[in-house]
Amino acid sequence: MNLRNKIRDRFSDGSLARFVIFMNKVSGNWLNRPLYGKAKFNEDGLVTAHHPTFEDDERFVSAYEKGRATGSWPHGDLRWRAHVLCWAASRGAALDGDFVECGVNRGGSALTVMNYVDFERLGKRFYLLDTYEGLVAEQLSDEERRAGLRGGGYEPCYEAVVRTFAPFGDAVRIIRGAVPSTLGEVDTQRIAFLSIDMNAREPEIAAAECFWDRLVPGAAMVLDDYGWRKHAAQRLAFDEFALKRSVPLLALPTGQGLILKPH
Ligand SMILES: C[S@@+](CC[C@H](N)C(=O)[O-])C[C@H]1O[C@@H](n2cnc3c(N)ncnc32)[C@H](O)[C@@H]1O
């Protein structure tokens, strides 16, 4: 840090700016250590010099630990994604409407956000939709197959999910089966938080189209797979979805996409 200040004092703003532009140009894919220092966060495909504020948030740390204990993320942590979901759920908690997640697996994200917003005190319902046994092969396009997607891919987990959410009683509705055929079972007319994470274009677009009109103004729709390279087909489909409705879609460095329902 001292060295940086010394450099700043020694050189003019113009030369420093030229140096920064040069360093950014030649650093390619590498985090530019001389400019930004050591990475503050390196997890889940995201490396950044910026401060992961959620590490200082005890409520987040404790909620995330509970989500992680479901065994949902054997390949590694994904705290920045969970932070985005908790932010979106906090918006939803303050709105009139229920929560929906399409693509639940063992329920790590859902349990994290429920603990984060203290779901039980909200008097809302949380609808959890999944086959609870992986992707549906027939729903994948040739393009998605070429990108490496396959049917299945997840261990059957329905019983585990029933056990995990049993303490919430009637507030959690576990809907088992393939989206879109199960969408009709979501019997709420007002949705305040929508998380879509099914790793396949067809059911994801069907869910977004089905729920769009029911999202209450200000509610967030979080698209987990939006920026991931395997899921380009979804990204293009959601770009079109957003364009058709004239809503901006925010691409996050976590790989997620975010749309807020306009007022
Ligand atoms: C990446 S996982 C979801 C992860 C989860 N959000 C979490 O918190 O860990 C994708 C899930 O989508 C589900 N899925 C894929 N296609 C589906 C479909 N057509 N209908 C319902 N669930 C589906 C899979 O069974 C799998 O559990």
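Residues numbered from 1 in each chain as written. Predicted model: local features only at pLDDT ≥ 70, side-chain atom pairs only at ≥ 80, totals over all residues.

(A) Representation of the site of the ligand. Contacts to the ligand come from 21 residues, most closely from Gly103, Asn105, Ser109, Val179 and Pro203. Contributing elements (two or more residues each) for the shell around the ligand: helix 6 (108-117) and strand 4 (126-130). (Near = placed C-beta within 6 Å. Helix = DSSP H or I, 4+ residues; strand = E, 2+ residues; numbered from the N terminus.)

(B) Examining the domain arrangement of the protein more closely. Domain annotation of the protein identifies domain 1 (2-38) and domain 2 (53-260). For domain 1 and domain 2, the distance between their C-alpha centroids amounts to 40 Å. (Domains from an automatic or database assignment.)

(C) Representation of unusual backbone geometry. Note that the residue after Val179, namely Pro180, is joined by a cis bond; omega there is 15°. As for its position among the elements, Pro180 is in the loop between strand 5 (172-176) and strand 6 (191-196). The backbone phi angle of Tyr132 is positive, close to 60°, even though this residue is not glycine. Tracing the chain through its elements places Tyr132 in the loop between strand 4 and helix 7 (142-146). Residue class for Tyr132 comes out buried when judged on the 23 C-beta atoms lying within 10 Å of it. At Ser246, a residue that is not glycine, the phi angle is positive and equals roughly 55°. Tracing the chain through its elements places Ser246 in the loop between helix 10 (232-244) and strand 8 (250-251). (Buried ≥ 20, exposed ≤ 12 C-beta atoms within 10 Å, placed from the backbone.)

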